[in-house]
Amino acid sequence: MESKVLVIYTGGTIGMMVGAHGYRNERNFLSDVLRSQDRFHDPLQDSLFSHSSSIEGYRQWSRFNKFSPRSSSFDLVSDTNLPTLTVRSSQPINTATNLEIASNLDNVPIPNVAISEDVYEAQLPSLVTPKSSVAGSQSKSIRYAILEWHPLLDSSNIDIKGMFNCNIFCNNPHSSIDWVRIATEIELNYSLFDAFVVLHGTDTMAYSSSALSFLLEDLGKTVILTGAQIPLSALRNDAVENLLGALTIAGHFIIPEVCVYFNHNLFRGNRVSKSSSYDFNAFQSPNFPPLVDVGIDILVRWENVIRQTGLRKFKAHKELSPHVAVMRLFPGMDKDTIKAFFQPNLRGVVLETFGAGNAPERADLKDALQEACARGVVVVAITQCAKGTVSDVYETGRKLLQTGVIPGVDMTPECALAKLSYLLSKPELSTDEVRQLVGTPLRGELSRPSTVAPSAPTDPTSIGQNLESIQNVLSQFMRLSVPKETQNIPTLVLSRADSTDSTTSIQDSSTAPWSWTAAEAASTEAVLLPFLIHLAAARDDIESLKFCISGTQQTETSTIPGGLANCPDITSGLSPLHVAALNGNKDSTALLLQTGALVHLRDHLDHTPLYYAARQGHSDVVDLLVQAGAALGGSDQLFLRPDMNIQQREKMQKIWEKVGVVGSSSVEVDKNN
């Protein structure tokens, strides 16, 4: 199996070399150095990395390769024969590598095809990693292409106004905005790749990851930004681990968020700030834990991963408002300074306040802020502290909010600025609507108010409740295990061993047996519920599906990778959505999609739910999946069964056209039938 990942190389330290005036980007260096390293490119799967998973594998490799010359994957002949991947871009793609330039006197790059206005397509040579596996998944290679920007950018030059990077090929003024350009590259290649890795400089990476988290609306695939403190050109660096880690996570997991991977951690992209200019641990997420910890094992905190629950296709928003700014309060700031800052064309301001949202209690400052808010400027208050939130605990903070300033809760400065720019670029939103949405979590960028904590796991009154919950799960199994027409369903009753005497009070919690704790009960449910939800999806039993979903919303589900709606069958890799699509169960499909089921998951045969729905001719289910952004990918080979009559073929042809297959040439048909 293979995953396809597009690497969008914008620039940054990771691909720099030492020039006459310090580190600078060098065109094509990154592609060439990755092609020369077996850990990043093993086209024949004959490197030591591909044979080091066992002693027997190493001995086999050593016997045939150790003392014999091995053709280099960097060899020019093999390089020109590399499998290519179709890549699209909003600007012409330069595909000539240094080797090709050196061997080509005419210096002619591989041709681009302009498939529409401001959309170019080219066949880029692909690289492929050695096979790897993570817990609970099949071994697979990651095939990737590198879309290199020209010119490559130092991240300090990332621009929001669409001027710095404009060139003769730029017809669309919005496409030259760097953040919009990245979002557009992802949108153009969304159906062609399984995931995306953006190589970016570290200085403004937190700004870019925050902006992309808003621009990429209804995202259903993994997008990871990464870079390095020390470039690949140095012998000792952090670039290898950061890029290889990002590729591994992107190739093995579907985490439908914009993320930042750095120093063994995958963070939510709109929660990070750069905290060090010299440590490898350059990024921190003080108010939200990492989504993934990479150590001996790759630990994904699935309970924190956001999943799409609406039936909407992915799209990239392609506009940002440049009329936003950040102002940091300081002791002694006067009214004139604030007035000078709030220029007439300014529409949004991120106000960095003291502590938990406090500001000086001066009438002139209050009047200046109140005047700006009254004329429509959206002012968002965040804390200057690296960790913490804005609240109205203090009187000074409460008076600040009374001027019309909106609390930004625990957003980072980078996120608050990007969110304002995004919301203010939407003409359909009024100023009041923008103010309301600023304090509403759209992409997990701020924390919701804390709720009342549940009862302690050892609370004896909750032990019986958890036992009853397990009984309910088993009762659902009993109901689904008998034919639908059967009226008399067996009843299953569980009771505690210490409950024979109804007059006996529940024993003291300190002596309660460990096997009856709530944590143990939750673990038991986590084992049973995946089987139940697959059975319910196959039977199109909405009652049992809702039971499973409501149960996981009330209990800890971090032990189920991807959440219950995405748990795979261990033998086939089919998710509940695969099962519902395969059986043509429209109602179950709709409910699973609304619960966060991922339309891009593949089973062990490398097929998506959309493939099975189309293959079986379930037109209604195909419509639902396409509406939710599903697209064919992987090994979704298209064909019509040769035993079909003309009417059946016509019906299937219409279904394949719905999923994006146009024309009979795309479908294999037995011409003799």
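Criteria and thresholds
- Residues numbered from 1 in each chain as written.
- Predicted model: local features only at pLDDT ≥ 70, side-chain atom pairs only at ≥ 80, totals over all residues.
- Heavy atoms only, no water.
- Buried < 20%, exposed > 50% of the residue type's maximum accessible area, 1.4 Å probe, protein only.
- Helix = DSSP H or I, 4+ residues; strand = E, 2+ residues; numbered from the N terminus.
- Arc of directions from axis to C-beta.
- Contact = heavy atoms within 4.5 Å.
- Salt bridge = Lys/Arg side-chain N within 4 Å of Asp/Glu carboxyl O.
- Pairing = 2+ DSSP bridges.
- Axes fitted to C-alpha atoms, helices over the stretch in contact; angles between N-to-C directions.
- Parallel < 35°, antiparallel > 145°, perpendicular 65-115°, else oblique.
- Left-handed = near helix turned anticlockwise from the far one by under 90°.
- Core = buried A, V, L, I, M, F, W, Y, C linked by side-chain atoms within 4.5 Å.

Asks: Sorry, what's going on with helix H12 (residues 431-438) here?
Replies: Since one α-helical turn is 3.6 residues long, residues separated by three or four positions face the same way. Among all positions of H12, only Val434, Arg435 and Val438 are buried. Buried residues along H12 cover an arc of 100° about the axis, so they all sit on one side. For H12, the exposed residues set more than 90 degrees away from the buried face come down to Asp432 and Gln436. In this fold, the buried residues of H12 make contact with helix H9 (363-374), strand S21 (378-383), strand S22 (406-407) and helix H11 (413-424).

Asks: Any chance you could explain the pattern of salt bridges here in plain terms?
Replies: Oppositely charged side chains can pair when the atoms bearing their charge come close. Scanning the entire structure with this criterion turns up 18 salt bridges. Here Arg143 makes a salt bridge to Glu2, at a shortest N to O gap of 3.0 Å. Linking Arg143 in strand S8 (residues 141-153) with Glu2 in strand S1 (residues 2-11), this pair joins segments that are 141 residues apart in sequence. Since its relative accessible area comes to 14%, Arg143 is described here as buried. Ionic pairing is found between Lys318 and Glu187, a salt bridge with its closest N-O pair at 2.3 Å. One end of the pair, Lys318, is in the loop between strand S18 (315-316) and strand S19 (324-328); the other, Glu187, is in helix H5 (residues 178-188), with 131 residues separating them in the sequence. In the salt-bridge network here, residues are joined through shared partners; they are Asp194, Arg602 and Asp606.

Asks: Got a minute to help me understand the sheet that holds S19 in this structure?
Replies: Working definition: the strands of a sheet are paired by backbone hydrogen bonds and lie parallel or antiparallel to each other. Taken together, the four strands give an open sheet; going across it, the order is S19-S20-S21-S22, and neighbouring strands pair in parallel fashion. Each edge of the open sheet is held by one strand with a lone partner, namely S19 and S22. Looking at chain direction, S19 and strand S20 (residues 348-353) are connected through five bridges and run parallel. Residue pairing for S20: Met327 is matched across the bridge by Leu351.

Asks: Hey, could you run me through the packing of helix H6 (residues 205-215) against H11 in this one?
Replies: Pairs of packed helices are described in terms of their axes, by the angle between the two and the distance that separates them. As a packed pair, H6 and H11 sit with axes 8 Å apart at the nearest point and diverge in direction by 40°. Between H6 and H11, the angle falls in the class oblique. The two elements H6 and H11 meet at a crossing, and its hand is right-handed. Residues Ala206, Tyr207, Ser210, Ala211, Phe214 and Leu215 of H6 form the contact with H11, whose participating residues are Glu414, Cys415, Leu417, Ala418, Lys419 and Tyr422.

Asks: Help me understand H5 in this model?
Replies: The buried fraction of H5 amounts to ten of the eleven residues, a majority that puts the element mostly inside the structure. Along H5, the positions that sit buried rather than exposed are Asp178, Trp179, Val180, Arg181, Ile182, Ala183, Thr184, Glu185, Ile186 and Leu188.

Asks: Before we go on, may I ask you to explain the sheet that holds strand S17 (residues 298-300) in this structure?
Replies: Taken together, the nine strands give an open sheet; going across it, the order is S7-S8-S1-S9-S11-S12-S13-S16-S17, and neighbouring strands pair in mixed fashion. Both outer strands of the open sheet, strand S7 (127-128) and S17, are each paired with one neighbouring strand and no more. Pairing analysis gives two bridges linking strand S13 (residues 265-268) to strand S16 (residues 292-294), with the strands arranged antiparallel. Counted as the bridge partner of Leu266 is Val292 from S16. Across the face of the sheet, H6 comes into contact with strand S11 (222-226) and strand S12 (258-262) while running at roughly 155° to S12. Strands S1, S8, strand S9 (195-199), S11, S12, S13, S16 and S17 of the sheet are contacted by helix H7 (residues 239-252), whose axis makes an angle of about 175° with S11.

Asks: I'm lost on the nonpolar core in this one. Help?
Replies: The nonpolar side chains of soluble globular proteins are, as a tendency, buried together. Among the nonpolar cores identified, the biggest contains 101 residues, and Leu34, Tyr144, Ile186, Val197, Leu216, Ile255 and Val438 are the most heavily contacted of them. Ignoring anything within four residues of it in the chain, the contact list for Leu34 reads Phe40, His41, Leu127, Tyr144, Ile146, Leu232 and Leu243. Core analysis: the next-biggest nonpolar cluster, separate from the first, contains 40 residues, Ala537, Ile549, Val626 and Ala630 among them.

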